[in-house]
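Notes for the structure review
Spelled out, the chains give:
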Amino acid sequence: MDIYLWQIELKIFLLKDIHFKDVMTKVATFIDNTLKKNEKWNDYDKERKCKGYSFNSLYPIMRNGIYKKGRVYTVQIRTVVEELKDYLMEELKQNTTEEMKGLLTEVKHLKTRKTMDKLVSVTPLVIKGKKTYWRKDKTIENFVDEIRMVLIEQYNELCNEEIDKNTQIFTGVRFRNRYPIKTRFKNKYVLGEKVELDVAENETAQKLAFLSLGVGAGHMADEGFSFVNPIWK
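Definitions and cut-offs
Residues numbered from 1 in each chain as written. Predicted model: local features only at pLDDT ≥ 70, side-chain atom pairs only at ≥ 80, totals over all residues. Heavy atoms only, no water. Buried < 20%, exposed > 50% of the residue type's maximum accessible area, 1.4 Å probe, protein only. Helix = DSSP H or I, 4+ residues; strand = E, 2+ residues; numbered from the N terminus. Contact = heavy atoms within 4.5 Å. Salt bridge = Lys/Arg side-chain N within 4 Å of Asp/Glu carboxyl O. Pairing = 2+ DSSP bridges. Axes fitted to C-alpha atoms, helices over the stretch in contact; angles between N-to-C directions. 1 Å grid on protein atoms, 1.4 Å probe; cavity = no way out; pocket = protein on both sides within 12 Å on 5 of 7 lines; lining within 4 Å. Points joined across faces, edges and corners; volume = space filled by probe spheres on them. Nonpolar A, V, L, I, M, F, W, Y, C, P; charged D, E, K, R; others polar. Disulfide = S-S within 2.5 Å.

**Section: helix H3 (residues 82-91)**
Those residues of H3 that fall on the buried side of the exposure criterion are Leu84, Lys85, Tyr87, Leu88 and Met89. Tucked inside the fold, the buried residues of H3 contact strand E1 (5-14), helix H1 (23-36), helix H2 (39-46), strand E3 (53-55), strand E5 (72-79) and strand E6 (100-110).

Rendered as structure tokens:
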């Protein structure tokens with residue numbers, strides 16, 4: 001099944017200063033608030049299933065740690081669900097929270113190129129487990145395999161097809177952080193990684209890597225984590 005992927009560029013005006021430690025929560029709250037305005041999408045967002053979208057944080061990154069009141073920033077939201085794309089295009093620019101006001105939305109239809117070489121995490125990539133941090137009970141091989149299984153499960157659910165669970169998707173991983181990335185999120189802390197994942201060249205691996213651009217390459221993508229960008233050959 002073909003995968004269709006859209007990227008929404010949302011311009012946001014800040015009504016208050018936001019500390020960098022709180023920005024992930026505030027962006028997630030803004031998007032959640034938009035979905036809650038519609039009964040269908042509110043129910044959709046509450047369901048325990050693949051949500052079919054992911055998003056990053058405010059851009060440009062503020063090096064002094066404060067996103068300033070009165071300035072305009074950009075958030076990228078990607079989705080593989082066309083109806084959700086249409087809803088967000090209209091409603092995000094009309095949404096307002098205590099800290100943010102939507103201004104403009106633009107959409108691009110993203111298309112795959114010949115071969116994807118790598119996936120690079122933009123926001124911390126999160127893999128949940130029984131422990132608070134995956135390294136306490138998983139190996140690096142387990143970590144990569146968990147990402148692989150998450151993508152296969154999401155593809156099967158979204159596309160109503162079954163992919164062989166033994167399919168190789170990644171051939172290597174590099175960690176770009178020496179220590180876990182600790183992010184404050186909704187009154188708790190989430191531990192994640194900044195990684196590069198080498199993508200296998202087989203057709204299924206390429207298809208699932210492209211899917212990850214929309215749904216994320218790990219857990220909590222619908223909360224702003226595990227958002228990834230491609231590097232093409």
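Past the structure itself, the notes keep going.
**With respect to the pattern of salt bridges**
For the structure on display, the rule yields 16 salt bridges. Notably, a salt bridge pairs Lys68 with Asp17, separated by 3.6 Å at the nearest N-O pair. With Lys68 in the loop between strand E4 (66-67) and E5 and Asp17 in the loop between E1 and strand E2 (18-19), this pair connects stretches of sequence that are 51 residues apart. Judged by its relative accessible area of 42%, Asp17 falls in the partly exposed class.

**A word on the sheet that holds E6**
In spatial order, the strands read E3-E5-E1-E6; together these 4 strands make up an open sheet with antiparallel pairing. Of all the strands in the sheet, just E3 and E6 have a single pairing partner and so form its edges. Neighbour-to-neighbour, the strand axes of this sheet turn through a mean angle of 25°, independent of strand direction. Taken together, the 10 bridges between E1 and E6 define a ladder with antiparallel strand orientation. Bridging across to E6, Ile8 finds its partner in Val107. Of the strands in this sheet, E1, E3, E5 and E6 touch helix H5 (residues 203-215), which is tilted by about 65° from E3.

**Digging into the layout of surface pockets**
Roughly 680 Å³ of volume is contained in the largest pocket. Around the largest pocket sit 25 residues that line it, and Met24, Ser57, Ile61, Tyr67 and Pro124 are the ones nearest its centre. Of all the secondary structure elements, the ones that give two or more residues to the lining of the largest pocket are H1, E5 and strand E9 (181-185). With 4 residues, E9 is the single largest residue contributor to the lining of the largest pocket. Of the residues that constitute the lining of the largest pocket, the class distribution is 12 nonpolar, 8 polar and 5 charged. Taken as a whole, the second largest pocket spans an internal volume of roughly 530 Å³. Around the second largest pocket sit 22 residues that line it, and Lys49, Lys51, His219, Met220 and Asp222 are the ones nearest its centre. In terms of residue count, the dominant contributor to the lining of the second largest pocket is helix H4 (residues 140-159) (4 residues). Residue composition of the lining of the second largest pocket, grouped by class: 7 nonpolar, 4 polar and 11 charged.

**A word on the state of the cysteines**
Inspection of the entire model under this criterion finds 0 disulfides. Its sulfur unpaired, Cys50 is 9.2 Å from the next cysteine sulfur, which belongs to Cys159.

**Some points on the pairing of strand E10 (residues 188-192)**
By the bridge criterion, 5 bridges tie E9 to E10 in an arrangement that is antiparallel. Looking across to E10, one finds that Phe185 is bridged to Lys188. Between E9 and E10, which pair antiparallel one after the other, the connecting turn spans 2 residues, and Lys186 there sits at a positive phi close to 50°.

The analysis is restricted to geometry; functional conclusions fall outside its scope.
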